[in-house]
Amino acid sequence: MSADYENRILIGDSIELMNSLPEGSVDMIFADPPYNLQLGGDLTRPDNSKVAGVDDDWDKFADFASYDAFTKAWLAAARRCLSDTGTIWVIGSYHNIFRVGATLQDLGFWILNDVIWRKTNPMPNFKGTRFQNAHETMIWATKSANQKRYTFNYDALKVLNDDLQMRSDWSIPICSGQERLKDATGKKVHPTQKPEALLHRILMAASKPGDLILDPFFGSGTTGAVAKALGRRWIGLERDAGYALAAEQRISRVEPGHLDHIEGMKSKKEEVRVPFGAIVEQGLLRAGDAIYSPRGDVAARVRADGSIMAGEMVGSIHRVGAQVQHAPACNGWTYWHLRTDKGLVPIDTLRREMRARMAA
């Protein structure tokens, strides 16, 4: 990917611009396309004041067929520039998200999840003729059904959610207050500005520092602002020069985060495998050294080949750990301990030391 594209807003038609990007160059796409709201007239509050809804030309289509053709064209362009390990997020309302989902599947994308963004402070239904519309739906998909590799930072999301598995329904407020971009007259710069908290969670979930993030409907620049703060590269496509200018000014005020602060928790699967035998080979433990159960009441001796011996039982740290507990299985790294000046500590500290050596 040429640096000419990175961390820039490109002004023009999103489909044409996506087709001009190098094929397979983008790591993740977040798309907030026109919703085709089909508004049937002005919406007013009980005091007869007008609600500033979305009535811009970019959200108007002649009919469903026109909207479907537009959706197919931009999703095909998006699929072309998405890498073979990348994913796409598309957000929408009940007006459009089901049509978008069908087109995604028609084009070969594979849906991983639909995620519900539940707005904690939604706009009321002023007419009282329907349920209060309090959520939007996001579709998260890989490029194809055969795609085995893609980024999902499960452990980082779990930490973000107080050590609970992150669910597919997210309670996040709509954009308001100081975060909402306004012009000199106090009017909203963009009618559908998304909250930074929403993009923060998406980028933490499905990208890594240094990844290239594409937003083909850039609008007020939320994706770029959050990407910069989290150390991701980004490309914004926007046809409205006024929106692009406001987004550019907004992003220029963002301070990029330090790598130590923005990198999420790594999955255990991503860590370098260290066999217990390597601990012996490197001299962190020697043949004949003793290791102990958590309470110190069971001892085992380390053998030169990386096995351990406790009485008549001989085998790996995991097998012998299970045998002495009369258990079906055991994680030997956390069961067996070293005796130190500070008391008993898990032998997993030695594995962490080995990984640090290997990364140096």
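Residues numbered from 1 in each chain as written. Predicted model: local features only at pLDDT ≥ 70, side-chain atom pairs only at ≥ 80, totals over all residues. Heavy atoms only, no water.

Going by what an unreviewed UniProt entry lists, the protein is known as Methyltransferase and is assigned to Candidatus Phycosocius bacilliformis. As recorded by UniProt, the Subunit (unreviewed entry) comment attached to the protein reads in full: "Homodimer." UniProt annotates the protein under Catalytic activity (unreviewed entry) with the comment "a 2'-deoxyadenosine in DNA + S-adenosyl-L-methionine = an N(6)-methyl-2'-deoxyadenosine in DNA + S-adenosyl-L-homocysteine + H(+)". (UniProt positions renumbered as here; feature names shortened; annotations may be inferred.)

A.B. asks: How do you make sense of unusual backbone geometry when you look at a structure like this?
C.D. replies: Backbone geometry follows two general trends: most residues other than glycine have a negative phi, and most peptide bonds adopt the trans configuration. The backbone of aspartate 162 shows a phi angle near 55 degrees, a positive value even though the residue is not glycine. Relative to the elements of secondary structure, aspartate 162 occurs in the loop between helix 4 (154-160) and strand 6 (169-172). Located in the positive-phi region is histidine 326, a residue other than glycine, with phi close to 55 degrees. Along the chain, the position of histidine 326 falls in the loop between helix 10 (317-325) and helix 11 (332-335). Accessibility expressed as a relative area gives 77% for histidine 326, which makes it exposed. (Helix = DSSP H or I, 4+ residues; strand = E, 2+ residues; numbered from the N terminus. Buried < 20%, exposed > 50% of the residue type's maximum accessible area, 1.4 Å probe, protein only.)

A.B. asks: So what exactly am I meant to see when it comes to the environment of alanine 141 here?
C.D. replies: Within the secondary structure, alanine 141 is located in strand 5 (residues 135-142). We classify alanine 141 as buried; its relative accessible area is 0%. Sequence spacing of alanine 141 and aspartate 114 is 27 residues, and the spatial spacing of their C-alpha atoms is 8.8 Å. Each residue touching alanine 141, except ones within four places of it in the same chain, is listed here: Thr87, Ile88, Phe109, Trp110, Ile111 and Leu112. (Contact = heavy atoms within 4.5 Å.)

A.B. asks: What exactly am I supposed to notice about helix 5 (residues 196-206) here?
C.D. replies: Three- or four-residue spacings in an α-helix give side chains the same orientation, since the helix completes a turn every 3.6 residues. Taking burial as the measure, the 11 residues of helix 5 include eight buried ones, the bulk of the element. Along helix 5, the residues classified as buried are Leu198, Leu199, Arg201, Ile202, Leu203, Met204, Ala205 and Ala206.

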